[in-house]
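Take a look at the letters that make up each chain.
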Amino acid sequence: MKILLVGNGGREHALAWKIAQSPRLTKLYSTRGNCGIAKHAEIIDIAPSDVDGVVGFAVREQMDLVVVAPENPLAAGMIDSLNAAGIRAFGPKKSAAEIEGSKVFAKNLMKKYRIPTAEYAVFDNYDSALKYLQNSAFPIVIKAEGLALGKGVIIAQNLDEGCDALRQIMLDKAFGDAGDRIVIEEFLEGREITVLAFTDGKTIRPMPSSQDHKRVFDNDRGLNTGGMGAFSPSRIYDDGMQEYCMKRIFEPTMRALNAEGREFRGALYFGLIATKSGVKVIEYNARFGDPETQVILPRLKTDIVDIFDAVIDGKLNTQAIQWENSAVCGVIMASGGYPQQYETGKEIIGIDSAEAQGCRVFISGADTDGSGIVRTSGGRVLCVVAQGADLASARALAYKGVGAINFENMHYRKDIAIDASPNEAAAYTEIYNAENK
Ligand code: AMP
Ligand code: GLY
């Protein structure tokens, strides 16, 4: 099979690595992939967002499958265009991808189909949003409507911060058109969990749980980022919670999309929060998460190409999907300054020695220069991933790998996958066992 993978970050490196293990693959291609992806794929000079370019290449070079990983081409209808040209493609169509592309659509869907989420209100007018804020309790969460690289969410601790956020999003257009409409929602307290699921619109099969660390600094301080590290499984997501989510969130979401005529085929991302009054949805994404994918795919035993086929063909109910019973920890190493302004072009040393110690290094933003030196090219540079029998050993090995790598002004969190509150899991088990009765 000839397969084209669209996207070029750390998530795509993990996908490329997994796809390359398939005995069915003859050749893998990547849209401007980084130096990690280039180990598994031939790089073609077409941007991941270039719908016509990708479709043209897929037709001309007779791709048997195109896997579209990032949100922007999905929201732009790349899958629809590929299908219209007769190409098999993994990912949701434009109408289904709107579950990520429009927060208002997602919130209204949850409300209509009674899927648990934070209470909210929608505004397209600054004055009425301001009036609403003046009558609200804090903290409160303000979200730009459209895609903003995971950065369009502001948690306002008081009215001043709320007014600032409104001004930034609605008047100064900090996130461009994504801020024409906003959602203001209730602040939820609890532990966050990511559950990715394969779905073909008829069957939904959750992957193992994971947890992302979104804030830039240790102990969840500082600005939100695209994700500074992740681990799998979540410490609190047990069978009771999975049963609860299946019944109240995963299956209802799949059915809701069907009922709206937007059948979802692909990987659906549930950003969840376990509150004292039940698990609620914080966000949906229409794709694999980054960096969650880097810690989940190492546990997948089944040929991922078989799973892609089953999803596309609507046969997910007959497809075996097996996971290793291990734990994985992934630590992101980022450029100095990220998630704000940062420099690139710094030489990276030590990737090979981290791998020699048993880690896997997935590249997000780095490339090889003319003389073969690997240099930083993005904010999130790479993810050091380690697998172990439990989270403590995976975590210890991942940080050993991190210690072997160096580049100027690098920074990373030191508390990824740390067990901050050992009794937390038991407390949640109690709540959810009671809820399931
Ligand atoms: P989102 O892009 O919607 O996932 O939001 C980014 C991050 O903001 C989430 O991962 C949460 O940490 C936080 N967040 C979003 N919505 C809420 C909420 N209603 N209550 C508490 N935290 C939230
Ligand atoms: N890790 C969060 C995301 O992929 O959006």
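Owing to the predicted nature of the structure, the values given are computational and were not obtained by experimental measurement. Counting restarts for each chain: residues are numbered from 1 in the order of the written sequence. Following the order in which they are written, the chains are lettered starting with A and the ligands numbered starting with 1. Given that this is a predicted model, residues contribute local features only at a pLDDT of at least 70 and side-chain atom pairs are listed and counted only at 80 or more, while totals for whole chains, interfaces and linings are drawn from all residues. To get the side-chain values, all heavy atoms of the structure are used, and hydrogens and water are removed first.

**Q** Describe the site of ligand 1, and please don't skip the residues or the numbers.
**A** Nearness here has a simple test: a residue counts as near a molecule or strand if at least one of its heavy atoms is within 4 Å of that partner. For ligand 1, the set of nearby residues contains 15 residues, the closest of which are E185, E186, L188, E192 and E283. What qualifies as a polar contact is a pair of N or O atoms within 3.5 Å, subject to a donor-acceptor requirement within protein and to the restriction that residues adjacent in sequence count only when both atoms come from side chains. With respect to ligand 1, the side chain of K143 contributes an N or O atom lying 3.1 Å from a nitrogen atom. K214 has a polar side-chain atom sitting 2.9 Å from an oxygen atom of ligand 1. Each accessible area is a Shrake-Rupley result for a 1.4 Å probe, and residues are judged covered by the shown protein chains and nothing else. Calculation on ligand 1 without its partners gives an accessible area of 470 Å², and the protein chains cover 94% of this total. Within the shell around ligand 1, the residues separate by chemical class into seven nonpolar, one polar and seven charged. Gly counts as polar in this scheme, as do all residues outside two lists: the nonpolar Ala, Val, Leu, Ile, Met, Phe, Trp, Tyr, Cys and Pro, and the charged Asp, Glu, Lys and Arg.

**Q** I'd like a description of the site of ligand 2, backed by residues and values.
**A** Around ligand 2, a shell composed of D212, G226, Y269, N285, R287, G289, D290, P291 and E292 is seen. Interatomic distance of 2.9 Å between a side-chain N/O atom of R287 and an oxygen atom of ligand 2. E292 is positioned with one of its side-chain polar atoms (N or O) 2.8 Å from a nitrogen atom of ligand 2. Contact with the protein chains hides 90% of the accessible area of ligand 2, taken as 200 Å² for the molecule alone. Looking at the shell around ligand 2 residue by residue, the class counts come to two nonpolar, three polar and four charged.

**Q** Tell me about the sheet that holds strand β19 (residues 360–363), and please be specific about residues and values.
**A** Two strands pair if DSSP finds at least two bridges between them. Numbering of helices and strands runs from the N terminus, with a helix taken as a DSSP run of H or I at least four residues long and a strand as a DSSP run of E at least two residues long. Read across the open sheet, the five strands follow the order β12-β15-β18-β22-β19; overall the sheet is antiparallel. Across the chains shown, the open sheet's two edge strands, defined by having one partner strand only, are β12 (211–212) and β19. Relative to strand β15 (residues 229–232), β12 is paired through two bridges, and the arrangement is antiparallel. If you follow D212 over to β15, its bridge partner there is A230.

**Q** Break down the packing of aromatic side chains for me, with residues and values.
**A** For Phe, Tyr and Trp, where Trp contributes only its six-membered ring, two rings pair if their centres lie within 6.5 Å, and the inter-plane angle classes them as stacked under 30 degrees, edge-to-face over 60, or tilted in between. What the rule picks out here adds up to 10 aromatic pairs. Note on F90 and F288: the rings are 6.3 Å apart at their centroids and 35° apart in plane angle, and the pair reads as tilted. Remark: F288 occurs in the loop between β17 (278–285) and α10 (292–296) and F90 occurs in strand β5 (residues 89–90); sequence separation between them is 198 residues. Taken as a pair, F90 and F288 share a single burial class, namely buried. A network of ring pairs unites the aromatic residues F90, F198, F288 and F308 as a single cluster. The ring centre of F231 lies 5.5 Å from the NZ or CZ of R235, which sits over that ring. Comment: the charge-over-ring label is applied if NZ (Lys) or CZ (Arg) is within 6 Å of the ring centre and within 35 degrees of the ring normal. Over the ring of F105 we find R262, and its NZ or CZ is 4.3 Å from the ring centre. Each residue is placed in one exposure class: buried if its accessible area under a 1.4 Å probe, protein chains only, is under 20% of its type's maximum, exposed if it is over 50%, and partly exposed if it falls in between.

**Q** Got a sec to walk through the pairing of β17? Specific residues and values, please.
**A** The buried fraction of β17 is high, at seven of eight residues. Where strand β16 (residues 266–275) and β17 come together, seven bridges link them in antiparallel fashion. If you follow L272 over to β17, its bridge partner there is V281. What sits between β16 and β17 in their antiparallel hairpin is a turn of two residues.

**Q** Could you give an account of helix α8 (residues 159–171), naming the residues involved and the relevant values?
**A** Between its terminal C-alpha atoms α8 stretches 17 Å, which fits the 18 Å expected from 13 residues at 1.5 Å a residue. For α8, the complete set of buried residues consists of G162, C163, A165, L166, I169 and M170. Along the axis of α8, the buried positions cluster into a sector of 160°, meaning they face one direction only. The criterion used for residue contact is that any of the two residues' heavy atoms lie within 4.5 Å. Check the buried side of α8 and you find it contacts β6 (120–123), α7 (126–134), β7 (140–144), β8 (153–156) and β9 (182–186). In this structure N158 caps α8, since a side-chain oxygen of it lies 3.2 Å from the backbone nitrogen of D160. Backbone geometry just after α8 places K173 at a positive phi near 55°. Here a helix's expected span is defined as the number of its residues, less one, multiplied by 1.5 Å. Regarding the arc, it is the one traced by the directions from the helix axis to the C-beta atoms.

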